[in-house]
Amino acid sequence: MNQATMEQVLKDAEVALGHLETEGALEAWYVKYFGRENGEIGKLLKTIPELPPQERGTVGKAINQGKQALEAAYEERRGRVASAAMQEQLRGERIDVTLPARGQLGGSIHPIMAAKQELIDLFAYYGFTVADGPEIEDDWHNFTALNTPTDHPARDAQDTFYLPDGRLLRTHMSSVQIRAMESGKPPLRLIMPGRVYRRDDVTKRHYPIFHQLEGLMVEEGTTFAHLKGLLTALCHELFGKNRRVRFRPSFFPFTEPSTEVDVECPFCGANGCGTCSYSGWIELGGAGMVHPNVLEAVSLDPEKVTGLAFGMGIDRVAMIRYGINDIRHLWENDDRFLQQF
Ligand code: FA5
C-alpha cells in the first residue's frame, strides 16, 4: 500500500458518508470501514508492518488521524439522520387540535317532543284530532269563559305575564277548549298540545314554562265513565299495565265533577322520593266533566250535550315514560343529557 491508496480509501469513506440518509445505510457504511474482520481501516492498519520502517510512523499517524476524523464525522452524521427521522415521524403524527371533530353530531327528537308525538299517536287511535291556539291569549279564553271570573280565587294559582293590553301568556291549554267549542260544533274529539306559562317556583316536577296536552270530547251521552276509561287506558299504554293510576277528587272551576289523575312514582317504586315529594305518586293532569256554565259560555245547551275534558303535563309524561327524575333536565339544554335520546 502506498500513501496515495491510503488517502484514497479515507477520502472515499468520507465522500460516501456524506451521502448517507438512513440509519440502515449508516450501519452498512460503518461495517464496511470499521468492521472487525474486514473493515477497510483495519486493512490499512494491517499493512503498516509491511512498510519501510522510516515510513511506518508517518503513515500510521496519518491513518489514525483519518480514522478519528471519520469516526467523528460518522457520529455527527448519525445524529443528523436520527433527528431528521424523528422530525419526519412527528410530522406524520402531528395532531391539529383546531380541526373540527370527526363525524357529524346527529340531531335527535327532544324528549318532550317525543312524548308529545306519542300522545298524539295514541289519541288518534281513539279518534282525537289535533287543534291549536295562540300562546298569547285573552282573558276571556284563558279564564272568564272557563267559569273563572276576574275575582275568582282559582286565578291565584295561575299567575302569569300580562301584556299592557290585558292579554297574557296562556297558563293552561284549556283556553284552546273554548276556541274549539266556539269554532266547531259537537261531536268534538280534540287534543290540544302546546306550551304554557306560569309563575311557578322551580322544583323537580315544576318549571315556569311547560307543556300541556288538553283533551276535549263533547258528544251526546259522554259520561265520567268515558273519562276514566280513556285516561286509564292511555296511562296503561304509555307506562305499562302494572303502573297504578289513581283518580283523586279535586276542584277546577271549569269542570264538575273534577279529578286529578296520578301515576305511581316510577323513581321510588311508590315508596317516596324527592321527585314525588315523598308521596309515592306523580300528578299527571287534571280532568273532569265540562261545567254547564262553560258549555253555556260557548252557546251549547248543557241539557243536550255533555263533555269530558282533561289537561295533562307533557313534560311529566316524558319524565315518567323515559325515566327522567328532574324536569330541569328537559329545559337546561345540556348536551350530555340530550345525547341520550
Ligand atoms: C290545569 O292546568 C287544568 N287546565 C287541567 C284541566 C283541563 C282540568 C281540563 C280539567 C279539565 P293543573 O294546574 O293541575 O290543571 O295542571 C295540569 C297538569 O299540568 C299538572 O297535573 C301537571 O302535570 C302539569 N303542570 C302544572 N304545573 C306545572 C309546572 N309548573 N311544571 C310542569 N308541569 C306542570
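Fair warning: this is a prediction, and the values are worked out from it, not measured in the lab.

Reading the values: the criteria
- Residues numbered from 1 in each chain as written.
- Predicted model: local features only at pLDDT ≥ 70, side-chain atom pairs only at ≥ 80, totals over all residues.
- Heavy atoms only, no water.
- Near = heavy atom within 4 Å.
- Polar contact = N/O pair within 3.5 Å; in protein donor to acceptor, adjacent residues only side chain to side chain.
- Areas by Shrake-Rupley, 256 points an atom, 1.4 Å probe, with all protein chains shown as cover.
- Helix = DSSP H or I, 4+ residues; strand = E, 2+ residues; numbered from the N terminus.
- Expected span 1.5 Å × (residues − 1).
- Buried < 20%, exposed > 50% of the residue type's maximum accessible area, 1.4 Å probe, protein only.
- Arc of directions from axis to C-beta.
- Contact = heavy atoms within 4.5 Å.
- Domains from an automatic or database assignment.
- Axes fitted to C-alpha atoms, helices over the stretch in contact; angles between N-to-C directions.
- Parallel < 35°, antiparallel > 145°, perpendicular 65-115°, else oblique.
- Nonpolar A, V, L, I, M, F, W, Y, C, P; charged D, E, K, R; others polar.
- Pairing = 2+ DSSP bridges.
- Disulfide = S-S within 2.5 Å.
- 1 Å grid on protein atoms, 1.4 Å probe; cavity = no way out; pocket = protein on both sides within 12 Å on 5 of 7 lines; lining within 4 Å.
- Points joined across faces, edges and corners; volume = space filled by probe spheres on them.
- Left-handed = near helix turned anticlockwise from the far one by under 90°.

**Some thoughts on the site of the ligand**
For the ligand, the set of nearby residues contains 26 residues, the closest of which are S174, R198, D200, E283 and L284. L284 has a polar backbone atom sitting 2.8 Å from an oxygen atom of the ligand. Note that an oxygen atom of the ligand is positioned 3.3 Å from one of the backbone N or O atoms of G285. A total of 670 Å² of accessible area belongs to the ligand in isolation, and the protein chains cover 95% of it. Elements that contribute at least two residues to the shell around the ligand include exactly α7 (174-183), β5 (209-219), β8 (281-290) and β9 (306-313).

**Observations concerning helix α2 (residues 23-34)**
Here α2 spans 16 Å end to end across 12 residues, near enough to the 16 Å set by a 1.5 Å rise per residue. Taken together, the buried positions of α2 are occupied by L26, W29, Y33 and F34. Down the axis, α2 shows its buried residues gathered within 95° of arc, on one side only. For α2, the exposed residues lying more than 90 degrees away from the buried face are E27 and V31. Structurally, α2 contributes buried residues whose contacts are with α1 (3-18), α3 (40-47) and α4 (53-93).

**Details of the domain arrangement of the protein**
Split into domains, the protein comes out as domain 1 (3-93) and domain 2 (112-338). Computed over C-alpha atoms, the centres of domain 1 and domain 2 are 92 Å apart.

**Concerning the packing of α2 against α3**
Taken N-terminus to C-terminus, the directions of α2 and α3 make an angle of 10°; their axes are 4 Å apart at the nearest point. As summarised for this structure, α2 and α3 are arranged roughly parallel, according to the angle between their axes. Residue-level inspection shows K32, Y33 and F34 of α2 in contact with α3, the latter providing E40, I41 and G42. Split into classes, the residues belonging to the contact of α2 with α3 amount to three nonpolar, one polar and two charged.

**Looking at the pairing of β8**
Where burial is concerned, most of β8 is hidden: nine out of the 10 residues are buried. With eight bridges joining them, strand β7 (residues 255-264) and β8 adopt antiparallel strand pairing. When the sheet's bridge partners are listed, D262 is paired in β8 with E283.

**Digging into the state of the cysteines**
Working definition: the covalent bond between the sulfur atoms of two cysteines is a disulfide. The tally for this structure, following the rule as stated, stands at zero disulfides. Summary of cysteine pairing: C235 is not part of a disulfide, and the nearest cysteine sulfur, belonging to C265, is at 14 Å. Unpaired in this structure, C276 has its nearest cysteine sulfur neighbour in C268, at a distance of 3.8 Å. Judged by relative accessible area, which is 1%, C276 ranks as buried.

**Focus: the layout of surface pockets**
In this approach a probe as big as a water molecule rolls over the atoms, and the regions it shows empty are the leftover space. Of the pockets and cavities examined, the largest pocket occupies roughly 700 Å³. Along the walls of the largest pocket sit 37 residues, with Q158, R198, Q212, F252 and E283 positioned nearest its centre. Going through the elements one at a time, α7, β5, β6 (245-252), β7, β8, β9 and α10 (314-322) are the ones with two or more residues in the lining of the largest pocket. Across the lining of the largest pocket, the residue classes tally to 15 nonpolar, 13 polar and nine charged. Lining the second largest pocket, in full, are L105, G106, G107, S108, I109, H110, P111, D335, L338, Q339 and F341. Looking at the lining of the second largest pocket, its residues break down into five nonpolar, five polar and one charged.

**Description of the packing of α3 against α4**
α4 packs onto α3 with a crossing angle of 170° between their chain directions and a minimal axis gap of 11 Å. Viewed along their axes, α3 and α4 adopt a mutual orientation that is roughly antiparallel. The handedness of the crossing between α3 and α4 is left-handed. On α4, the residues that touch I41, L44 and L45 of α3 are I63, N64, K67 and L70. Across the contact of α3 with α4, the residue classes break down as five nonpolar, one polar and one charged.

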